[in-house]
Amino acid sequence: MKPHRNTSSRRDALAERNLYRAIATLRTPEECRAFFRDLCTPAEIQAMADRWAVVEWLQRGVPYREIHRQTGVSVTTIGRVARFLAGGHGGYVLAARRLESARGFPPDRTDKRIEATRHG
């Protein structure tokens, strides 16, 4: 989070936590879309959508350069997503597993495939 001159780190952390609480209250993709369209610029939304799309490609074991060719997302961004997918804070993995469960697919073990596809 970008620090502000007139706020403390505690206040910044509280603002960030309140943002996550607000997001957690949203119940449908349509509600999320409305919220994020109000909150973010179109470029910010596109950047997040690009990163999320890369998660699925990486889970399928597609090499970085092929993901770049298919999506236009930079290899640097793909590498960053792969790094966080394999060893980040667990957010990508948690969301991907829950989405798979909601779709009726068995949980996927992505971490081993991520390492195998680096710079493929």
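Residues numbered from 1 in each chain as written. Predicted model: local features only at pLDDT ≥ 70, side-chain atom pairs only at ≥ 80, totals over all residues. Heavy atoms only, no water.

## Observations regarding the packing of aromatic side chains
Okay, step 1: Scanning the entire structure with this criterion turns up two aromatic pairs.
Okay, step 2: With a centroid separation of 5.7 Å and an interplanar angle of 90°, the aromatic rings of phenylalanine 35 and phenylalanine 36 are classed as edge-to-face.
Okay, step 3: Residue phenylalanine 36 is classed as partly exposed on the basis of its relative accessible area, which comes to 22%.
Okay, step 4: Centre to centre, the rings of tryptophan 52 and tyrosine 92 are 6.3 Å apart; their planes meet at 35°, and the pair counts as tilted. Of this pair, tryptophan 52 sits in helix α3 (residues 42–59) while tyrosine 92 sits in helix α6 (residues 91–103), and the two are 40 residues apart along the sequence.
Okay, step 5: On the basis of relative accessible area, tryptophan 52 is assigned to the partly exposed category, the value being 33%.
Okay, step 6: In this structure, arginine 60 packs its charged tip against the face of tryptophan 57, placed 4.6 Å from the ring centre. (Phe/Tyr/Trp six-rings, centres within 6.5 Å; stacked < 30°, edge-to-face > 60°. Buried < 20%, exposed > 50% of the residue type's maximum accessible area, 1.4 Å probe, protein only. Helix = DSSP H or I, 4+ residues; strand = E, 2+ residues; numbered from the N terminus. Lys NZ or Arg CZ within 6 Å of the ring centre and 35° of its normal.)

## Overview of the pattern of salt bridges
Okay, step 1: Per the counting criterion, the structure on display carries two salt bridges.
Okay, step 2: In this structure, the salt-bridge partner of glutamate 56 is arginine 60, at a minimum N-O distance of 3.8 Å.
Okay, step 3: A residue is classified by how much of its surface remains accessible, and glutamate 56, at 42% relative accessible area, is partly exposed.
Okay, step 4: Its salt-bridge partner being glutamate 66, residue arginine 69 comes within 2.9 Å of it at the nearest N-O pair. With arginine 69 and glutamate 66 both in helix α4 (residues 64–71), this residue pair falls three residues apart, about one helical turn. (Salt bridge = Lys/Arg side-chain N within 4 Å of Asp/Glu carboxyl O.)

## A word on α3
Okay, step 1: When the terminal C-alpha atoms of α3 are compared, their 26 Å separation across 18 residues agrees well with the 26 Å that a helix rising 1.5 Å per residue should span.
Okay, step 2: Within α3 the residues assigned to the buried category are Val54, Val55, Trp57, Leu58 and Gln59.
Okay, step 3: Where α3 ends, the next residue or the one after it, glycine 61, has phi of about 80°, a positive value. (Expected span 1.5 Å × (residues − 1).)

## Overview of the nonpolar core
Okay, step 1: Ranked by size, the top nonpolar core spans 16 residues in total, and within it Val54, Leu58, Ile67 and Ile78 carry the most contacts.
Okay, step 2: Mapped onto this core, the elements with two or more residues apiece are α3, α4, α5 (75–87) and α6.
Okay, step 3: Of all the elements, α5 adds the most residues to this core, at five residues.
Okay, step 4: Contacts of valine 54, omitting those with residues within four sequence positions, involve Ile67, Val73, Ile78 and Val81. (Core = buried A, V, L, I, M, F, W, Y, C linked by side-chain atoms within 4.5 Å. Contact = heavy atoms within 4.5 Å.)

## Description of the confidence of the model for the chain
Okay, step 1: Per-residue pLDDT for the chain has a mean of 88; in total, 82% of the residues score no lower than 70.
Okay, step 2: Across the chain, the secondary-structure element scoring lowest on mean pLDDT is helix α7 (residues 111–117), at 45, and the one scoring highest is helix α2 (residues 29–39), at 98. (pLDDT = per-residue confidence, 0-100.)

## Here we look at the packing of α3 against α4
Okay, step 1: Interhelical geometry of α3 versus α4 gives an angle of 135° and a closest axis separation of 10 Å. When the interaxial angle is binned, α3 and α4 end up oblique. The two elements α3 and α4 meet at a crossing, and its hand is right-handed. Across the interface between the two elements, Val54, Trp57 and Leu58 from α3 touch Tyr64, Ile67, Gln70 and Thr71 from α4.
Okay, step 2: Residues that form the contact of α3 with α4 fall into these classes: five nonpolar, two polar and no charged. (Axes fitted to C-alpha atoms, helices over the stretch in contact; angles between N-to-C directions. Parallel < 35°, antiparallel > 145°, perpendicular 65-115°, else oblique. Left-handed = near helix turned anticlockwise from the far one by under 90°. Nonpolar A, V, L, I, M, F, W, Y, C, P; charged D, E, K, R; others polar.)

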